[in-house]
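Listed here are the chains, written in short residue letters.
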Amino acid sequence: MAHVLVLDASPTRNVIGFASRNPGPLDDAFRLLLLRRVLPDLDLSTLPMSQIKHLHRAYDGTFLLLTYFRAQHLRSDGTYDERLVVLHHDVDSVRRELLEQVVPEPRAASARVNVVDDEGRIIFGQPLGKSDLVVQKRFPTTLYAWRLQVAPTSSEGLAEKARRRRFLEMSLLAMSALVVVAGAIVLLLATAQERRLNALRSEFVANVSHELKTPLAIVRMYGELLASGRVPTEEKKQQYLGTIVRESERLSALIENVLDFARVERGKKVAYEFADAELGALVGKAVEACRYRADTEGMRLELETEPEVFARVDERAVQLAVINLVENAVKYAPASEVVNVSVGREKGAAVVRVRDRGPGIPPEDRERVFERFYRGKQPDGRQVRGSGIGLSLVASVMEAHQGDVRVEAGEDGVGSVFVLTFPFEGPPPSSVRR
Ligand code: ADP
């Protein structure tokens, strides 16, 4: 107890007695504080006689803990009158003697405890930090203005763990969202690709059918003419028959193109039959198959062959490759008067060249023309029928022969030159001249 104040029952509450444990100069000021500011805060109107009440409140930042009660006083004439007794406790000693005894030693306990006031200022103990795991409770009696806070000793560790877990969950969520988005993109791309392939497929079928129709129509026309017997001379008859033979060869070449391509596409090997062959004669046959078409386009086909250039080849496949190159020259270089085909030897290799004097192929397209379905644009905007498989097939034929195909610009930068290179075999023993 630090101070005791006794007051009478009159409305002005006159001081009857005042005592201080440590009397000193501050006592007067403290008594005035009690009378002027604290007394109006006491809940006296409903306070039954002898019932003890507490007031715990901060005045000018300092907490006061008061106990007060009404008491009856026996006067000398035998009557009673009323007194109000106010006891002021030393809060510091409460803190020291009470809290320090009841609150466990922080390091030894599994929980940390402190006491804070209404504004969260520390009254006793250490701050517990901000955590969801801090539990707080107001003192139910006496020290009303304070709250006891309890947190597990490991609360910071737990909070950190919870933070990390939240971060992990958020990351997982973000990752799943990313996977969903990536999946959707892949799906969209796959659908677009599928649509593109479908369009390509139907265009391919339309183009192939159209290419087949042309030689077939010629064969039929000359066939009907011969069947009608109205061919005037034997010479003409032979000429028509020759055309029929060459156009049907070209037709077979076109059909073989598609069949070989389909085989390559299905991952099946095209069955090649390799044999030593004289390239000049072989290429000559392929050029002949294209002659009718070149004639109708007003183009000359010129063949120049070095003798005895031998290579180990599949005759049918190489003829097909050369037909593809000559047909392309006729199709894409209509302004050329002449298409030159040559067979020769270069640096230990057998080489076939097909040269036109058309618009040529831009350097950036020279690799791409060998991709399947690739179709270039004509510089003059002309529409040329084609299926985009010819050169890809030439490339696969050359690969099977351990040779290769490339395209270069022609001399003086005019037109294109397609070059087929075969490993040179040399003449077979029987034909070696001494
Ligand atoms: P297609 O002739 O059916 O289109 P190809 O694979 O034979 O298919 O040719 C691919 C592309 O290469 C052609 O669309 C064309 O643009 C280009 N090309 C081929 N040969 C020539 C050539 N001699 N001159 C110019 N461009 C050519």
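Being a predicted model, the structure only gives us computed values, none of them experimental.

What to know about the packing of aromatic side chains
Counted under the stated rule, the structure contains eight aromatic pairs. On the basis of an interplanar angle of 90 degrees and a centroid distance of 6.2 Å, the ring pair of Tyr222 and Tyr292 is categorised as edge-to-face. Placement of the pair is Tyr222 in helix H3 (residues 155–228) and Tyr292 in helix H5 (residues 279–296), with a sequence separation of 70 residues. Across this residue pair, the class does not change: Tyr222 and Tyr292 are buried. In this structure an aromatic cluster arises from ring pairing among Phe204, Phe261 and Phe373. Sitting over the face of the ring of Phe18, Arg31 holds its NZ or CZ atom 5.2 Å from the ring centroid.

Details of the site of the ligand
Taken together, 20 residues are adjacent to the ligand, and Tyr332, Arg375, Ser387, Gly388 and Leu391 come closest. Within the backbone of Ser387, an N or O atom sits 2.6 Å from an oxygen atom of the ligand. For the ligand, the protein covers 96% of the area, taking 530 Å² as the surface of the free molecule. Within the residue set of the shell around the ligand, elements represented by two or more residues are helix H6 (315–332), helix H7 (390–400) and strand S16 (416–423). When residues of the shell around the ligand are assigned to their parent elements, the largest contribution, four residues, is made by H6.

Section: the pattern of salt bridges
Under the defined criterion, the tally for this structure stands at 30 salt bridges. With its nearest N and O atoms 2.3 Å apart, the salt bridge here joins Glu302 to Arg300. Taking relative accessible area as the criterion, Glu302 reaches 34% and is therefore assigned partly exposed. On the basis of relative accessibility, which here comes to 44%, the residue Arg300 falls in the partly exposed class. One connected set of salt bridges, linked through shared partners, spans Arg75, Asp77, Asp81 and Arg83.

Observations regarding the domain arrangement of the chain
One can read the domain layout of the chain as domain 1 (3–89), domain 2 (94–153), domain 3 (182–244) and domain 4 (248–431). Computed from C-alpha coordinates alone, the two centres of domain 2 and domain 3 are separated by 95 Å.

A closer look at the packing of H5 against H6
Packing of H5 against H6 brings their axes to within 9 Å, and their N-to-C directions diverge by 35 degrees. For the element pair H5 and H6, the recorded crossing hand is right-handed. Taken together, the residues of H6 that come into contact with H5 (itself represented by Leu282, Val283, Lys285, Ala286, Ala289, Cys290, Arg293 and Ala294) are Glu315, Val318, Gln319, Val322, Ile323, Val326, Glu327, Val330 and Lys331. Here the contact of H5 with H6 is built from residues that sort into eleven nonpolar, one polar and five charged.

Some remarks on unusual backbone geometry
Unlike most non-glycine residues, Arg13 shows phi in positive territory, near 50 degrees. You can see Arg13 is positioned in the loop between strand S1 (3–8) and strand S2 (15–20). The phi dihedral of Gln402 is positive, around 55 degrees, even though this residue is not glycine. Checked against the element boundaries, Gln402 lands in the loop between H7 and strand S15 (404–409). Here Gln402 falls in the exposed class, since its relative accessible area comes to 68%.

Quick notes on the pairing of strand S9 (residues 146–152)
Where strand S6 (residues 111–117) and S9 come together, seven bridges link them in antiparallel fashion. Pairing of Val113 across the sheet is with Val150, part of S9. With four bridges connecting them, strand S8 (residues 135–138) and S9 associate as antiparallel partners. Its bridge partner being in S9, Gln136 is matched across the sheet by Gln149.

Quick look at the sheet that holds strand S13 (residues 338–346)
For sheets, the rule is that strands pair by backbone hydrogen bonds, running either parallel or antiparallel. With mixed pairing, five strands are arranged side by side in an open sheet as S11-S13-S14-S16-S15. The open sheet has two free edges, formed respectively by strand S11 (300–305) and S15, since each of these has just one partner strand. On average, adjacent strands in this sheet sit at an angle of 15 degrees to one another, irrespective of strand direction. Judged from the six bridges that link them, S11 and S13 form a sheet pairing that is parallel. Note on S13: the bridge partner recorded for Glu304 is Ser342. Its contacts with the sheet put H7 on S15 and S16, and the angle it makes with S16 is roughly 25 degrees.

With respect to the side chain of Thr67
Its location among the elements puts Thr67 in strand S4 (residues 62–74). Within the structure, Thr67 has its side chain in polar contact with the side chain of His89 (distance 2.4 Å). Not counting the four nearest positions on each side in its chain, Thr67 is found in contact with Ile52, Lys53, His54, Val85, Val86, Leu87 and His89.

Calculation criteria
- Residues numbered from 1 in each chain as written.
- Predicted model: local features only at pLDDT ≥ 70, side-chain atom pairs only at ≥ 80, totals over all residues.
- Heavy atoms only, no water.
- Phe/Tyr/Trp six-rings, centres within 6.5 Å; stacked < 30°, edge-to-face > 60°.
- Helix = DSSP H or I, 4+ residues; strand = E, 2+ residues; numbered from the N terminus.
- Buried < 20%, exposed > 50% of the residue type's maximum accessible area, 1.4 Å probe, protein only.
- Lys NZ or Arg CZ within 6 Å of the ring centre and 35° of its normal.
- Near = heavy atom within 4 Å.
- Polar contact = N/O pair within 3.5 Å; in protein donor to acceptor, adjacent residues only side chain to side chain.
- Areas by Shrake-Rupley, 256 points an atom, 1.4 Å probe, with all protein chains shown as cover.
- Salt bridge = Lys/Arg side-chain N within 4 Å of Asp/Glu carboxyl O.
- Domains from an automatic or database assignment.
- Axes fitted to C-alpha atoms, helices over the stretch in contact; angles between N-to-C directions.
- Left-handed = near helix turned anticlockwise from the far one by under 90°.
- Contact = heavy atoms within 4.5 Å.
- Nonpolar A, V, L, I, M, F, W, Y, C, P; charged D, E, K, R; others polar.
- Pairing = 2+ DSSP bridges.

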